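Structural description and commentary
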Number of protein chains: 2
Amino acid sequence: MAKITVVSPLAPKRFPEMPVIDGVSFSTVAAGIKYEGRADVMLARLAPGTTVAGVFTKSATRSAPVLDCQEKLGGPAKDGAAILVNSGNSNAFTGRNGRDAVARIVGAVARACDVPETRVFTSSTGVIGEPLPFERITERLDTLAATLDPNAIEAAAAAIMTTDTFTKGATASVEIDGKTVSIAGIAKGSGMIAPDMATMLVYIFTDARIDQGTLQSLVATHNEKTFNCITVDSDTSTSDTVLVCATGASGVDVGDSAPFGDALHKVMKDLAHLVVKDGEGATKFVEITVTGAASDKDAKTHALSVANSPLVKTAIAGEDPNWGRIVMAIGKSGAPADRDALSIRFGDVEVARKGWVNPDYVEAEAAAHMKGQNICIHVDIGLGSGKATVWTCDLTHGYIEINADYRS
Amino acid sequence: MAKITVVSPLAPKRFPEMPVIDGVSFSTVAAGIKYEGRADVMLARLAPGTTVAGVFTKSATRSAPVLDCQEKLGGPAKDGAAILVNSGNSNAFTGRNGRDAVARIVGAVARACDVPETRVFTSSTGVIGEPLPFERITERLDTLAATLDPNAIEAAAAAIMTTDTFTKGATASVEIDGKTVSIAGIAKGSGMIAPDMATMLVYIFTDARIDQGTLQSLVATHNEKTFNCITVDSDTSTSDTVLVCATGASGVDVGDSAPFGDALHKVMKDLAHLVVKDGEGATKFVEITVTGAASDKDAKTHALSVANSPLVKTAIAGEDPNWGRIVMAIGKSGAPADRDALSIRFGDVEVARKGWVNPDYVEAEAAAHMKGQNICIHVDIGLGSGKATVWTCDLTHGYIEINADYRS
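Treat the numbers as computed from the prediction; the structure is a model and nothing was measured.

**Quick word on the sheet that holds strand β5 (residues 120–127) of chain B**
All names here are of chain B. Taken in spatial order, the four strands line up as β1-β2-β4-β5 in an open sheet, and their pairing is mixed. At either margin of the open sheet sits one strand with a lone partner, and together these are β1 (24–29) and β5. The average angle at which neighbouring strand axes cross in this sheet is 15 degrees, direction not considered. The pairing of strand β4 (residues 81–89) with β5 spans eight bridges and is parallel. Bridging from a neighbouring strand, I83 pairs with F121 of β5. Packing of helix α2 (residues 95–113) onto the sheet brings it into contact with β2 (41–46), β4 and β5, and relative to β5 it is tilted by some 135 degrees.

**Considerations on the packing of aromatic side chains**
Residue and element names in this part refer to chain A. Summed over the entire model, instances satisfying the criterion amount to four aromatic pairs over all chains. Taking 5.2 Å as the distance between ring centres and 80 degrees as the angle between the ring planes, the aromatic pair formed by F26 and F205 counts as edge-to-face. On the criterion of sequence distance, the pair formed by F26 in strand β1 (residues 24–29) and F205 in strand β8 (residues 201–206) is long-range, its members being 179 residues apart. The ring of F166 carries K168 above its face, with NZ or CZ at 4.4 Å from the centroid.

**Details of the domain arrangement of chain A**
Interface size, as often reported, equals the accessible area lost upon joining of the parts. Residues and elements named next belong to chain A. Domains assigned within chain A are domain 1 (24–277) and domain 2 (285–405). Here the C-alpha centre of domain 2 lies 33 Å away from the C-alpha centre of domain 1. Residue-level contacts link 15 residues of domain 1 with 14 residues of domain 2. When the two sides are added together, the surface that domain 1 and domain 2 hide from each other amounts to roughly 1200 Å², 60% of it contributed by carbon and sulfur.

**Here's the deal with the relation of the copies chain A and chain B**
Screw-axis analysis of chain A against chain B gives a translation of 0.0 Å along the axis, an RMSD of 0.0 Å, and a rotation angle of 180 degrees. The superposition operator between the copies reduces to a two-fold rotation axis. No C-alpha of chain A lies nearer the rotation axis than that of H397 of chain A, which sits 3.1 Å from it.

**Examining the pairing of strand β12 (residues 349–353) of chain A**
Pairing between strand β11 (residues 343–346) of chain A and β12 of chain A: three bridges, direction antiparallel. Bridging across to β12 of chain A, F346 of chain A finds its partner in V349 of chain A.

**Describing the UniProt feature "active site" (unreviewed entry) in chain A**
The UniProt record marks T199 of chain A with the feature "active site" (unreviewed entry), using the residue numbering of this structure. Position of T199 of chain A among the secondary structure elements: in the loop between β7 (179–188) and β8.

**Overview of the interface of chain A and chain B**
On the chain B side, the residues contacting the 64 residues of chain A number 64 residues. Roughly 5300 Å² is buried in total at the junction of chain A and chain B, and carbon and sulfur atoms are behind 57% of that figure. Joining chain A to chain B, the criterion identifies two salt bridges. Put simply, D340 of chain A and R99 of chain B hold a salt bridge, and the shortest N to O gap is 3.3 Å. Our count for the chain A to chain B interface comes out at nine residue pairs in polar contact (both at pLDDT 80 or more). Listing elements by their share of the side of chain A that touches chain B, those giving two or more residues are α1 (64–72), α2 (95–113), α9 (310–317), α10 (323–332), β13 (356–357), α11 (363–370) and α12 (397–405) of chain A. Residue composition of the side of chain A that touches chain B, grouped by class: 28 nonpolar, 21 polar and 15 charged.

**A look at the side chain of K188 of chain A**
Residues and elements named next belong to chain A. Within the fold, K188 resides in strand β7. Within the buried core, K188 has no salt-bridge partner, and the shortest N-O distance to an opposite charge, that of D164, equals 4.2 Å. Not counting the four nearest positions on each side in its chain, K188 is found in contact with T125, I160, M161, T162, D164, T199, M200, L201 and V275.

**Description of the packing of helix α6 (residues 212–224) of chain A against helix α7 (residues 258–277) of chain A**
All names here are of chain A. Contact pair α6 / α7: the axes reach a minimum separation of 10 Å and the direction vectors enclose 50 degrees. By the angle between their directions, the pair α6 and α7 is classed as oblique. Along this stretch, α6 crosses α7, giving a crossing that reads as right-handed. Contacts from L218, V219, H222 and N223 of α6 reach α7 at F260, G261, L264, H265 and M268.

**A short note on α2 of chain B**
All names here are of chain B. Under the 1.5 Å per step criterion, the end-to-end length of α2 is 28 Å for 19 residues, consistent within 8% with the ideal 27 Å. Those residues of α2 that sit buried are G95, G98, A101, V102, I105, V106, G107, A108, V109, A110 and C113. D114, located one to two residues past α2, shows a positive phi value of around 60 degrees.

**Some remarks on the environment of F121 of chain A**
All names here are of chain A. Relative to the assigned elements, F121 resides in strand β5 (residues 120–127). Given a relative accessible area of 0%, F121 falls into the buried group. Sequence separation between F121 and A152 is 31 residues; the distance between their C-alpha atoms is 19 Å. Not counting residues within four places of it along the chain, the set of residues in contact with F121 comprises V52, C69, K72, L73, A81, A82, I83, L84 and L243.

About the thresholds
Residues numbered from 1 in each chain as written. Chains lettered and ligands numbered in written order. Predicted model: local features only at pLDDT ≥ 70, side-chain atom pairs only at ≥ 80, totals over all residues. Heavy atoms only, no water. Pairing = 2+ DSSP bridges. Helix = DSSP H or I, 4+ residues; strand = E, 2+ residues; numbered from the N terminus. Axes fitted to C-alpha atoms, helices over the stretch in contact; angles between N-to-C directions. Contact = heavy atoms within 4.5 Å. Phe/Tyr/Trp six-rings, centres within 6.5 Å; stacked < 30°, edge-to-face > 60°. Lys NZ or Arg CZ within 6 Å of the ring centre and 35° of its normal. Domains from an automatic or database assignment. Buried area = accessible area lost by both parts, 1.4 Å probe. Least-squares fit on C-alpha atoms with pLDDT ≥ 70 in both. UniProt positions renumbered as here; feature names shortened; annotations may be inferred. Salt bridge = Lys/Arg side-chain N within 4 Å of Asp/Glu carboxyl O. Polar contact = N/O pair within 3.5 Å; in protein donor to acceptor, adjacent residues only side chain to side chain. Nonpolar A, V, L, I, M, F, W, Y, C, P; charged D, E, K, R; others polar. Buried < 20%, exposed > 50% of the residue type's maximum accessible area, 1.4 Å probe, protein only. Lys, Arg positive; Asp, Glu negative; His and termini not counted. Parallel < 35°, antiparallel > 145°, perpendicular 65-115°, else oblique. Left-handed = near helix turned anticlockwise from the far one by under 90°. Expected span 1.5 Å × (residues − 1).

Set out below in structure tokens:
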């Protein structure tokens, strides 16, 4: 297994101050599923009245826990809910065994937390193709249920890590009708655990009161412009999961109010950025904005083509303002583009204008931008008004080291 | 510019013995477009009666020479034809300047070779976004026309190289009606020339007699299973070009005879493999076969998803029989798959069977296969009878070095 001993240079200085979300409590335990000497299971207990929404990987080879979660969204809020997550083993590609392990864990959580099985959500992340030793989890559920603590969200963020190099949290609050509504979320990112692929798990909690249908629609909408706009290496996990839980404890009906939507968007975007900032071997955080496409959808296709191009990502690692590779990535994306209408900026420096190098372009100015830690690339397609922004990181020797040099 | 001093470990021992193709002659010259001390322009003169077929990059930002070639396919064979190729400058993303440069070169070739401008095909490969110094070519055309030689195909293969580490040639011959029909082809591969992307140029010559429509159809068909089945880093050049020229000098009407099609397929496949074997940083040649997909198209989608996955390619570089990453790549491809029907082999070793690890699997056996230079991965989707084979190379530190560590 890859030994990651260095924290990403893009990591924030510390885990943020997180508000306590009324109606949510956490506990963690070291179950020894794969790792030694660290917590690897987390339990979150959600009070009666909590609605749960979620989005999941679109992979055709989704893991057993993902399939189980997808079926359970929209269940009755009155009974409360629980989330159980383990790291170290993804319970993916484990055949019938995988479904059985989920059923055993769900049953044990339901009993220990006194919630119906239909309201227990689970995630697993880690090696794939190995049977999950579920007894190590089920035999610790009484301990987990007995140690639930509303203040333990940072420990929860740590327990779900695999080879992440830092814990990931984000928060926002908003005043509605003179009352405060809080949101707190945690994520595990794109650190690798051989022989698994990068899995993203995200759990967001709020004391807002909101019905499940409205919450589901909000989460799906904001997901398109946050988690679905990040990419580290274009690869898609079998286990990606985002769950958003609203306890209603603030007593504030947020409905589809814009301020709540904005706050949720902020938390989702912050967590998405943190996942990119822990990309394997990442040394630069890259924002790619495409404007002037025929549609927003086309703009996103172009932006992701740039973000996923190994040639673009290695140029960024090399601090090279290589606009030729941007042209190439736009050209291959499949969305409409006109070579002679393209304009490209690195930071504030206009490199190419309407299909050719800007006559006033000074390479040293673009090169100066590329030396920074935050790189902004802007492409105007020159065809319409479609726009999109996506985020990625550079492709470095660190990526090869983590994914090739170490054996599983 | 990246300095490539080491020949790819996957290179063949030598350039093959090539037959002289009656009706084709070659010349080269050092025009100093970018490189010092080497030939960087090649001219091929094709006798009256030669039909020319071709396929080109699908990029929306195609270069000026590509657009010009595309318009000219299907022109009259009676006047002969000429091909002029320069390395060092791709004449891509050069606005109106690019079209003008092509027109100037075409005019000069037409005069020097006494062929109509509509029968002059050009390609350019090298840096993009810089004006092509076309006078360095046009002022040498009399020399080029005066030194044409039917035996100079290896020199032609060398003149079109950019950072390729070896010259690429392939040949085949076939007996039809007691007479020999010969095919000889050259290619430049995926060596990078900063700040350009990998460009593939291929020129194939035969003395077969075949009308343009039949040849075009043959080339398009075989292209789908040869050049369109290779990938180094999923990136697409603005200049990719394959031209096939039939002089008819053998006097043998090949029509759509199977033996000629097979021979053409062999030359195209051999050249495609050579391009992969010169992939940047490549240390292993990888064949990925997918069977049991719902359709051939789906099989190719799955196979290319595996071939383009950075996680799969780094695992191969690390000699790791990491079947979890294969599952991931199949799952994300977008084509139908059923997790519990997948089977995977590395070489002859069945690793996974119907959705879970093969109970008889011994990792040491798969690991032994991964240590070889030629890696075979076979995935059976378990849904239908669709099948496809694609080829790629591993993703190594060498790729990062060539594309990030050196500045343009």
